[in-house]
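Tertiary structure, described
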Amino acid sequence: AEPALSLEGLSLEPLLGDGEAEGDWVDLLPALAQAAQGLGVSELLQGSLFSLGEAMSALEMMHPQMDSGMEGNSPTAASVPEAWNLDELRPRWPRALSARETLGCLDELFALLLLFLRGHSLAQTVFQCAWAHAPDVLGCSLLHLYVVGTLRIADAAHVAVVRGNVCEEEDFSASTSGLPLALEVSDAELLEGFAVAEALLAAQLARVAAAPPQGAAAAPAAGLGDLPAGWEMVGEASAAELGALQCRLRLLRALFALISPLRKHTPARPLALSGEPAAAHEVALAELARVLASLGYGSPPEELGFSFSKACTAHVRGSAPQRLLPPVERGEACAACAELVTQLQCVPRLLDAPNLDELLLGYQNLCARTTLQPLARTALRIVVLCAHEADRTSPKALSSYVKGSLRLMHQALGAEQIAKLLARKDVSAAVDRMAHGLLIHLQIYCHNDARRRRKLGKLLLDWGAVQLEVEEADAVLLREEAVGAEQWLLSAWISAHSTLMMAEQLRLGFRLQLYHPSELHSVLWYLHNLFAFGANLYGMLDRSNAAAAEHESREAAARAAGPRSKGWAKRKQHGEVLPAGPSARTPTLLLYEAQRELAHGIHLLLSGLIREGVLAVADGEFISLRERFERRFVHLHNLLQPQPPSFERYSLMLQLEPHAPATLYTAAANRLKAARVPLDAALKWAHCAVSAELAKEVRAMLKVSVQNGVAAMQLQLRSGATPPGPPPARVTWQFAPDCDYPVLVLPS
């Protein structure tokens, strides 16, 4: 066999020649194919021109969330700017459009707007409409208003995305290509235009309803009222068509009310949380239902070639390849709009979180357990984090959440003593440092999966410093003899949350499909250790919550006794009545216990396959076992707790010789069965107290445990038979979409 090719010393000059002859191209695919044949599975080419970081970025770029595909443009079309001009922007004038054609144009433009909000470029979406280039040529006032409103929403979304800085070019195209976005129209002028149009449509609809029937229920209402110039189409529309036009205008106005404040939202001016934006979610969802019910009233896309064409922006897009635009489906646009409005509605609710645990759980539900649209991630970054970055005395500031957690954990000390401790300079510095680390954590949550995984390493570095600060704060409490050495609750909370971040970094690799099955063995081994450590810490915190619940029950009994009870006035004066945690095991603890068993079970399942030789973990030709191990766990060494993994421990774990495959498969089935107990308990809790997103993740984990448990039993029966059956020739893995854990697929 020929030796594998290397990038070292490779020069492309002999292949490319002098490069002076125009059109001389050399096909490099055979050379690349030959190099690939010399690589084993999970091995990468290693060279000075192509680092591991670039290889990882290339893998992340291929994720569907980051890259929807590419399409080429015609270079000839791009070189003919005469393909459109102002004269051709006047479709079929002086004949006015009918109500059916107008509704079709509105629906088509709305679908293109939603494609832009989901990340595609303006040139490919909104500006496929010829009128978007010059709205003033429109003679129909309603169409003119709708086009201008669409452009102003596109401009507001563009400004918000640039300001939020949580989207990359691969998942949101922020370039406007110099296209006009009706910047000369102010928000006040646009809202006034909406008000006038809605009033005119409502008046005309009332006239139609009051008119005597003319044989057909949907007869036109021409001549029923004096209409201003440019509104002739409204006078010819039926009642159903007028209602369809009305709900589309209201929907566009509601979208503008939701998106436009994101451009100027600040802690001092929370524009996205008050006034019309606060009620726009319900309006948008109600009008969306009406729009969806009336989609059949408009002309289909094939009849709208006079105003919609990709040739309108060929001169802007040029001959470079563009992102592949999905089909423009009006029904899917309504569904995408409903999803966006619902996500935007969830963003301000995070500000109502009563404590730090609930706040972080809300971020996980919205960011990790939901596929956020780019504009929703932007709104999360702008609206919620603006509140968290506010003055430290604000109840929404993260430092206030940290202080609240510290008071809750150590409420047995009394409010007065806690206040004195929080006033100390060293404790205050530790609180501020922790708030800063949390802020970075929440900012990273706003990014997409690929970018979040790249930035988690920086977060873990900062979080290691947070651990030091918090341990110093707990040491202050110990020196004051306020708590015992075994009750460093804030440090325990930080360390337990560290396990969550470390597990998030590793599980994102599942979601992005970065691991070869042989690498899953090491990743799942460390996840098992992480969740075992976290379960112990959260168990201690839950016992503290149980004590807090008992304290609260005593306070409730005292309050029920009234002001005459002993010490009531003093307790009220010092504010010692504090909210209590749950008295039973929380869903967080149950999930830690379940994932501890789940990761252990899948790890044992992989161990059996390695023992039988189905999977190999030996050193490769291009990368050693130690290098592969350190590549996955290098960022975790920035933390004090949990104890970072060592290669020596990993090497001992790989010594599987004393265990027969049947024994490993039996142990795997038992661990996977054990994972179902806390999952069932968490699922019952989720139905009454926890979010639907968490319940969905728990169900996915339960399904993963059952599927892998069945595979383990099948392998155990085969390997434990007399004589043992042959091992499977090959196995494949799938990843559960709602919990990311791998599922073994055996050959049929």
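Everything in this summary refers to the structure shown in the same document. (Residues numbered from 1 in each chain as written. Predicted model: local features only at pLDDT ≥ 70, side-chain atom pairs only at ≥ 80, totals over all residues. Heavy atoms only, no water.)

A few words now on the side chain of Glu287. For Glu287, the position within the fold is in helix α10 (residues 276-293). Using a relative accessible area of 8% as the deciding quantity, one classes Glu287 as buried. Not counting chain neighbours up to four residues away, the residues in contact with Glu287 comprise Cys247, Arg250 and Leu251. (Helix = DSSP H or I, 4+ residues; strand = E, 2+ residues; numbered from the N terminus. Buried < 20%, exposed > 50% of the residue type's maximum accessible area, 1.4 Å probe, protein only. Contact = heavy atoms within 4.5 Å.)

The next subject is unusual backbone geometry. Cis geometry marks the peptide bond from Thr722 to Pro723; its omega dihedral reads -5°. Mapping Pro723 onto the fold places it in the loop between α26 (692-719) and β3 (732-735). Phi angles above zero are rare outside glycine, and Asn165 is one such case at about 55°. Following the sequence through the fold, Asn165 ends up in the loop between α6 (141-164) and α7 (187-210). Unusually for a residue other than glycine, Ser177 sits at a positive phi of about 55°. Considering the arrangement of structural elements, one finds Ser177 in the loop between α6 and α7.

Take the packing of aromatic side chains next. Going through the model one piece at a time under the given rule, you end up with 10 aromatic pairs. Plain terms: the ring middles of Phe510 and Phe735 are 6.0 Å apart, the flat faces sit at 25° to each other, and that makes the pair stacked. Here Phe510 is found in helix α19 (residues 489-511), whereas its partner Phe735 is found in strand β3, with 225 residues between them in sequence. Phe510 sits in the buried class, given a relative accessible area of 0%. Ring centres of Trp525 and Tyr650 lie 5.8 Å apart, and the angle between their planes is 50°; this geometry places the pair in the tilted category. Of this pair, Trp525 sits in helix α20 (residues 517-561) while Tyr650 sits in helix α24 (residues 647-653); the two residues are 125 residues apart in sequence, bridging distant segments of the chain. Note on accessibility: Trp525 and Tyr650 belong to one class, buried. Site record: aromatic cluster; members linked through ring pairs are Trp525, Tyr526, Phe633, Phe647 and Tyr650. (Phe/Tyr/Trp six-rings, centres within 6.5 Å; stacked < 30°, edge-to-face > 60°.)

A few words on empty space enclosed by the protein. This model, assessed by the stated rule, comprises seven cavities of 30 Å³ or more. If you add up the space inside the largest cavity, you get close to 100 Å³. If you list the elements that add at least two residues to the lining of the largest cavity, you get α10 and α14 (374-388). For the lining of the largest cavity, a count of residues per class yields nine nonpolar, one polar and no charged. (1 Å grid on protein atoms, 1.4 Å probe; cavity = no way out; pocket = protein on both sides within 12 Å on 5 of 7 lines; lining within 4 Å. Points joined across faces, edges and corners; volume = space filled by probe spheres on them. Nonpolar A, V, L, I, M, F, W, Y, C, P; charged D, E, K, R; others polar.)

With that out of the way, let us pick up the environment of Glu339. With respect to the secondary-structure elements, Glu339 resides in helix α12 (residues 330-346). Residue Glu339 is classed as partly exposed on the basis of its relative accessible area of 38%. Placed 34 residues apart in sequence, Glu339 and Gln373 show a C-alpha to C-alpha distance of 8.3 Å. With near-sequence residues (within four places) excluded, Glu339 lies in contact with Thr371 and Gln373.

With respect to the secondary-structure elements, Gln128 resides in the loop between α5 (99-117) and α6. We classify Gln128 as buried; its relative accessible area is 10%. Once you skip the residues sitting within four places of it in the chain, Gln128 turns out to touch Leu112, Ala123, Ser307, Phe308, Ser309, Lys310, Cys312 and Leu325.

Function cannot be inferred from these measures alone, as they are strictly geometric.
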